[in-house]
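What follows is the residue order along each chain.
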Amino acid sequence: MVEKKNLRIVYMGTPDFAVEALRCLVEGGYNVVGVITMPDKPAGRGHKLQFSPVKQYALEHNLPLLQPEKLKDEAFVEALRAWKADLQIVVAFRMLPEVVWNMPRLGTFNLHASLLPQYRGAAPINWAVINGDTETGITTFFLKHEIDTGEVIQQVRVPIADTDNVGIVHDKLMLLGGRLVVETVDAILAGTVKSIPQEEMAVVGELRPAPKIFKAGPTRWRICCGKNLRDGENRGIPSTGSRNLADRREDLYPRCCRRWLCRHLLPPASGQEETENG
């Protein structure tokens, strides 16, 4: 069995959701030889370049860092290959080309914020809440060509309380996800992984997708209990949204809804880009 200090890990992620798993690996003594995150983006009134949360953590802990514009760029692929990773871990990043995910000898696994095969896509947390689900979870799975369809390694189920909003569910899954990533690495090290094809997994009801959610446009569409509402039909729902709105329960739900839902207004809570994550 390979010791964790000798297992060369490359970690890929961008938002807050991805920092927890990286922190668990670093503090757990795992050998993270490099981190890949999105390029810096301008933000705020001054349009100053802003580091991603994962980049900020990597810099604070002196971890080697790459920020490729294009994942098929030859210079990036060669730089990644030079890290000689045994295993790659992806949490809330981008869809990877095969030349990247197929590079390590032990493969590449992803942490996704749903109980796959349910909610494949960029916003699994939002859609689970929007649809009024009472349970969600997290999944680790090996990457393959089709997005979010690889063989499942491990899953953890998490209840969604009637008072939970996207932010609360996001934070629950983020913390559990950090531990699950470590457990998955340990299972790979021990050689005890018995991954399961998703088509062989039991699913209750129909499969639901989790496409990326965009900010509301001029028509101010909103979603409540899975239905689209316009301004005239959703009294009580503010016309703009932020994470702080989730705290104002009495203001957030329309008359038709007993679950103060207006939570899809938040950006995709898994922090995902359009990726193989989740």
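Residues numbered from 1 in each chain as written. Predicted model: local features only at pLDDT ≥ 70, side-chain atom pairs only at ≥ 80, totals over all residues. Heavy atoms only, no water.

Quick notes on the packing of helix 1 (residues 16–27) against helix 6 (residues 166–190)
Contact geometry of helix 1 with helix 6 gives a least axis separation of 8 Å together with a crossing angle of 35°. Here helix 1 and helix 6 pass one another in a crossing that is right-handed. On helix 6, the residues touching D16, F17, E20, A21, C24 and L25 of helix 1 are H170, L173, M174, L175, G178, R179, V181, V182 and V185. A class-by-class count of the residues in the contact of helix 1 with helix 6 yields ten nonpolar, two polar and three charged. (Axes fitted to C-alpha atoms, helices over the stretch in contact; angles between N-to-C directions. Helix = DSSP H or I, 4+ residues; strand = E, 2+ residues; numbered from the N terminus. Left-handed = near helix turned anticlockwise from the far one by under 90°. Contact = heavy atoms within 4.5 Å. Nonpolar A, V, L, I, M, F, W, Y, C, P; charged D, E, K, R; others polar.)

A short note on unusual backbone geometry
The peptide bond linking L116 to P117 adopts the cis configuration, its omega dihedral lying at 15°. Inspection of the secondary structure puts P117 in the loop between strand 7 (108–112) and helix 5 (124–130). In this model, D148 sits at a positive phi of 60°, which is unusual for a non-glycine residue. As for its placement among the helices and strands, D148 is situated in the loop between strand 8 (135–142) and strand 9 (152–159). By relative accessible area, which is 0% here, D148 ends up buried. (Buried < 20%, exposed > 50% of the residue type's maximum accessible area, 1.4 Å probe, protein only.)

Observations regarding the sheet that holds strand 5 (residues 65–66)
Read from one edge of the open sheet, seven strands run 5-2-1-6-7-8-9, paired in mixed fashion. Where the open sheet ends on each side, the last strands, each with one partner, are strand 5 and strand 9. The pairing of strand 8 with strand 9 spans seven bridges and is antiparallel. Residue pairing for strand 9: E135 is matched across the bridge by P159. The strands touched by helix 6 within the sheet are strand 1 (8–13), strand 6 (87–91), strand 7, strand 8 and strand 9, with strand 8 carrying the most contacts at an inclination of about 30°. (Pairing = 2+ DSSP bridges.)

Observations concerning the confidence of the model for the chain
Looking at the chain as a whole, the pLDDT averages 83, with 77% of positions reaching at least 70. This stretch, residues 217–278, has a pLDDT under 50; its non-local contacts, to residues over four places away or in other chains, come to 171 contacts. (pLDDT = per-residue confidence, 0-100.)

Let's talk about the pattern of salt bridges
All chains considered together, the criterion is met by nine salt bridges. As a salt-bridge pair, E3 and K5 come within 3.8 Å of each other at their nearest N and O atoms. A relative accessible area of 44% means that E3 is categorised as partly exposed. Here K5 falls in the exposed class, since its relative accessible area comes to 55%. In this structure, D86 engages R105 in a salt bridge whose closest nitrogen and oxygen atoms are separated by 2.9 Å. One end of the pair, D86, is in the loop between helix 3 (74–82) and strand 6; the other, R105, is in the loop between helix 4 (98–101) and strand 7, with 19 residues separating them in the sequence. One network of salt bridges, with partners in common, ties together E20, R23 and E27. (Salt bridge = Lys/Arg side-chain N within 4 Å of Asp/Glu carboxyl O.)

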